[in-house]
Amino acid sequence: MDFRAIVMGLGFSLMWSSAFATARIIVAAAPPLAALSLRFLISGLVAVLIAKALGQTWRLTRTQARSVIVFGLCQNAIYLGLNFVALQWTEASLAAIIASTMPLIVAMLGWLVKGDKVSLIGLSGLGAGFSGVALIMGSRLSGGADPIGILLCLGGAFALAAATMTVRSATSGGNLLMIVGLQMLVGSAALAFVSAVTEPLSAQITPHVVAAFVYQIIVPGLAATLLWFSLVSRVGAVKASAFHFLNPFFGVLIAAFLLGEHIHLTDIIGVTIAAAGILAVQLARLKTPA
């Protein structure tokens, strides 16, 4: 892996991890699903318009069309929708830690459902990763964390893992930016429907909320997504996924910096164990090509 790929991976991890703290600022002042739907509507339209200007087409291959639907619903609507709802009661650091278990869930489901071979390093990583997260969740629950919020975050992580396993070649055949934009529009439509029947449309607009919303559109919404697919194109999905082991660290640090969330000794221990487990799982996958 060259230096540029390492910088790209670090940048993606930072952008991805920052989404939880900024989302918590938004959901404290606005209906979570409506806010997320609007974010995806704006991001999706911008992406599609730029893609058309670059000569990309919305005439997609069957694989691309499938990825638009699966990722639009599972990643954008279910995964992020559940997390935005949970962030009304759940600390951003905890939500980021739970979401970072996605590579562990993918490896576990591949082993249990698809019969993928898992090496001793991989099994050890799965055990360590889930143990670290369980340690943190147990500590947070005893400290008063909302169990419903934790369950919503876990449901989101499983939805993202299922989408990742279902569609492995989302960008084959080009049209990357167009695919990303259409995925966002699918998520926006699904979230708008659910929001219309479940949420009151009222919000407290402040400069901090506007800044967080604009940041969500530009950085986690567009920049991180494009950077991720560029990294995958450069080094492959397995090597790119290795950077997920940094997400628990960055998620906790950014939440502490932006929101003043406390970092406890149990968090440090659990995050270290979870990160080591995620790294071990990814290293095992590097030695076992799909």
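The present account deals with the structure reproduced in this document. Everything quoted here is computed from the prediction, not taken from an experiment.

## Quick notes on the pattern of salt bridges
Alright, step 1. Within this structure, the stated rule accounts for three salt bridges.
Alright, step 2. With a shortest N-O distance of 2.9 Å, Glu-91 and Arg-140 are connected by a salt bridge. With Glu-91 in the loop between helix H3 (62-86) and helix H4 (92-99) and Arg-140 in helix H6 (residues 120-142), this residue pair connects regions lying 49 residues apart in the sequence.
Alright, step 3. In this structure, Arg-140 and Asp-267 form a salt bridge, with 3.2 Å as the shortest nitrogen-oxygen distance. Of this pair, Arg-140 sits in helix H6 while Asp-267 sits in helix H12 (residues 265-286), placing them 127 residues apart in sequence.
Alright, step 4. The structure contains a network of salt bridges with shared partners spanning Glu-91, Arg-140 and Asp-267.

## Considerations on the packing of helix H1 (residues 3-27) against helix H9 (residues 207-235)
Alright, step 1. Contact geometry of H1 with H9 gives a least axis separation of 8 Å together with a crossing angle of 150°. By the criterion of interaxial angle, the relationship of H1 to H9 is roughly antiparallel. Handedness of the crossing formed by H1 with H9: left-handed.
Alright, step 2. Residues of the contact of H1 with H9, tallied by class, amount to 20 nonpolar, seven polar and two charged.

Conventions and cut-offs
Residues numbered from 1 in each chain as written. Predicted model: local features only at pLDDT ≥ 70, side-chain atom pairs only at ≥ 80, totals over all residues. Heavy atoms only, no water. Salt bridge = Lys/Arg side-chain N within 4 Å of Asp/Glu carboxyl O. Helix = DSSP H or I, 4+ residues; strand = E, 2+ residues; numbered from the N terminus. Axes fitted to C-alpha atoms, helices over the stretch in contact; angles between N-to-C directions. Parallel < 35°, antiparallel > 145°, perpendicular 65-115°, else oblique. Left-handed = near helix turned anticlockwise from the far one by under 90°. Nonpolar A, V, L, I, M, F, W, Y, C, P; charged D, E, K, R; others polar.

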